[in-house]
Amino acid sequence: MSELRAKPSPFLNVLDGFPQDTPPLWMMRQAGRYLPEYREVRAKAGDFLTLCYTPELAAEVTLQPIRRFGFDAAIIFSDILVVPHAMGMNVRFEAGEGPRLDPITDRAGLEALRLLLDPAKVQPVYEAINKVSAQLSRETALIGFCGAPWTVATYMIAGRGTDDQGPARMMALRDPDLFQALIDRLVDASIAHLGAQIDAGADAVQIFDSWAGVLDPASFDRWCLRPLRRIVTALRASHRNARIIAFPKGASLEAMERLAHLPLNGIGLDWTVDRTAARERLVDKVAVQGNLDPLRLIAGGAQLEEEILSIRNDFEGTRHIFNLGHGIKPETPLAHVEKLVEKVREKL
Ligand code: CP3
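Report follows, based on the coordinates. (Residues numbered from 1 in each chain as written. Predicted model: local features only at pLDDT ≥ 70, side-chain atom pairs only at ≥ 80, totals over all residues. Heavy atoms only, no water.)

Examining the sheet that holds strand E8 (residues 287-292)
Ordered in space as E1-E4-E5-E6-E7-E8-E9, the seven strands form an open sheet in which the pairing is parallel. Only two strands of the sheet have a single partner each, and these edge strands are strand E1 (73-75) and strand E9 (320-324). Across the sheet, the mean angle from the axis of one strand to that of its neighbour is 25°, orientation sign disregarded. Looking at chain direction, E1 and strand E4 (residues 141-147) are connected through three bridges and run parallel. Its bridge partner being in E4, Ala74 is matched across the sheet by Leu142. (Pairing = 2+ DSSP bridges. Helix = DSSP H or I, 4+ residues; strand = E, 2+ residues; numbered from the N terminus. Axes fitted to C-alpha atoms, helices over the stretch in contact; angles between N-to-C directions.)

Looking at the packing of helix H10 (residues 176-200) against helix H11 (residues 217-238)
At a minimum axis separation of 9 Å, H10 and H11 run at an interaxial angle of 35°. Judged by the twist between their axes, the crossing of H10 over H11 is right-handed. Packed against H10, whose contacting residues are Pro176, Phe179, Gln180, Ile183, Asp184, Val187, Ser190, Ile191, Leu194, Gly195 and Ile198, the element H11 presents Arg222, Trp223, Pro227, Arg230, Ile231, Ala234 and Leu235 at the interface. In the contact of H10 with H11, the residues fall into 12 nonpolar, three polar and three charged. (Left-handed = near helix turned anticlockwise from the far one by under 90°. Contact = heavy atoms within 4.5 Å. Nonpolar A, V, L, I, M, F, W, Y, C, P; charged D, E, K, R; others polar.)

A short note on unusual backbone geometry
In this structure, Asn291 follows Gly290 across a cis peptide bond, with omega equal to -15°. Secondary-structure assignment places Asn291 in strand E8. Positive phi, normally seen in glycine, also occurs at Arg29, with a value near 60°. By the secondary structure assignment, Arg29 is in the loop between helix H1 (10-15) and helix H2 (36-45). Take Arg29: its relative accessible area is 56%, and that puts it in the exposed class. If you check the backbone angles, Gln165 has positive phi at about 55° while not being a glycine. Inspection of the secondary structure assignment puts Gln165 in the loop between helix H8 (149-158) and helix H9 (166-174). When its relative accessible area of 1% is taken as the criterion, Gln165 is described as buried. (Buried < 20%, exposed > 50% of the residue type's maximum accessible area, 1.4 Å probe, protein only.)

Some remarks on the site of the ligand
In the region of the ligand, 22 residues are neighbours, and Arg29, Tyr38, Asp79, Ser210 and His326 sit closest. A distance of 3.1 Å is found between an oxygen atom of the ligand and a backbone nitrogen or oxygen belonging to Gln30. For the ligand, the protein covers 87% of the area, taking 860 Å² as the surface of the free molecule. Listed by contribution, the elements that provide at least two residues to the shell around the ligand are H2 and strand E3 (98-101). (Near = heavy atom within 4 Å. Polar contact = N/O pair within 3.5 Å; in protein donor to acceptor, adjacent residues only side chain to side chain. Areas by Shrake-Rupley, 256 points an atom, 1.4 Å probe, with all protein chains shown as cover.)

Description of the pattern of salt bridges
In the structure shown here, the tally under the stated rule is 24 salt bridges. As a salt-bridge pair, Glu94 and Arg92 come within 3.9 Å of each other at their nearest N and O atoms. Here Glu94 falls in the partly exposed class, since its relative accessible area comes to 33%. Taking the shortest distance from any N to any O, the salt bridge between Lys339 and Glu305 comes out at 3.7 Å. Pair noted here: Lys339 is in helix H16 (residues 334-345) and Glu305 is in helix H15 (residues 302-314), with a separation of 34 residues, a long-range link. Judged by relative accessible area, Lys339 falls into the partly exposed class, the value being 28%. Note on Glu305: relative accessible area 29%, which makes it partly exposed. (Salt bridge = Lys/Arg side-chain N within 4 Å of Asp/Glu carboxyl O.)

Let's talk about the nonpolar core
Judged by nonpolar contacts, the single largest core of 129 residues is most densely connected at Phe11, Phe71, Met156 and Phe179. Look past the residues within four positions of Phe11 in its chain and what remains in contact with it is Pro24, Trp26, Asp72, Ala73, Ala141, Ile143, Ala204, Ile245, Gln289 and Ile321. (Core = buried A, V, L, I, M, F, W, Y, C linked by side-chain atoms within 4.5 Å.)

Section: the environment of Ala141
Summarising the element assignment, Ala141 is placed in strand E4. Accessibility expressed as a relative area gives 0% for Ala141, which makes it buried. A sequence separation of 67 residues divides Ala141 from Ala74, and the C-alpha atoms of the two residues are 6.2 Å apart.

Pasting the structure below:
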């Protein structure tokens, strides 16, 4: 497998099963508001979705953190809510308020969704991937992504972000057939969207299950694990060299252990995960990615350097990709990101 690889990329090496002396590094939400150059392009684009759907601009902001920090992977600038938008839902991003959708509450709302993703919405994403892929050096990998069906469904049902995903959990309990039908649609849409991103030049894909942590174990199996298994199995059948990372934020170690039995290349860990336990129970099956608390990166100082070292030591010699435990926050000082890059790449 390794001799066929087009890219001598540390990030891809780890996903392919080879630990590196210093862990490859990227950050979730690395293209974003903590960067002045992002804020400039964002202001020029006006609307967040316009930025997502303009390939030149999306490609530009994808490359900004690579130019500034030399991360080992770029992640295409887009959003998990592009999928419901391309299924025909009305999606808006209101300044300072987060996403708003017209919620799906019944069968008629589900039936109104498109079966095939609207090319006018998804083609610009693939075009942006194509552009970025042409501009990256061979050492820097490109990541495509989507939201996991469960997480995307929570926004489609509530019409917005909520604290405990009550509306989606309630629909799953009151009308499991309707909820299953929505998940089925999202499974198909995710397979199509991830496959097309790989075709356009993504070297790996990440599936963000940001709300995996609010479900009881049986519901996790039904609404997170099973849909992910279908996506991963289909993607492997259509794209033999697909590299797939799942990020089940908030999931228990037991739940992640069950996930690790899927044919995944990597699992993302949030900052609450006990690394010793993760090392014992996950690293023989998959690469692990994480797991610095984004607040530590804001606070900086000695605790930041100590935690970076502790993460490196805890995963030394394993297939480890250094990342945050969730997205970087807008108020993060650039100097702290510079410190992170220095400390992650320092020889131990
Ligand atoms: O990681 C990257 O740099 C790539 C781009 C990316 C964005 N969103 C850009 C974005 C990725 C991978 C996402 C994923 C995403 N989007 C998730 C899963 C990861 C997570 O954070 O849990 C979720 C739940 C969403 C939905 C979403 N998009 C929300 C809830 C919000 C509002 C909150 C916020 O951070 O503002 C967004 C908007 C969004 N997506 C922004 C960015 C850079 C900020 C919008 C802006 O620039 O005005």
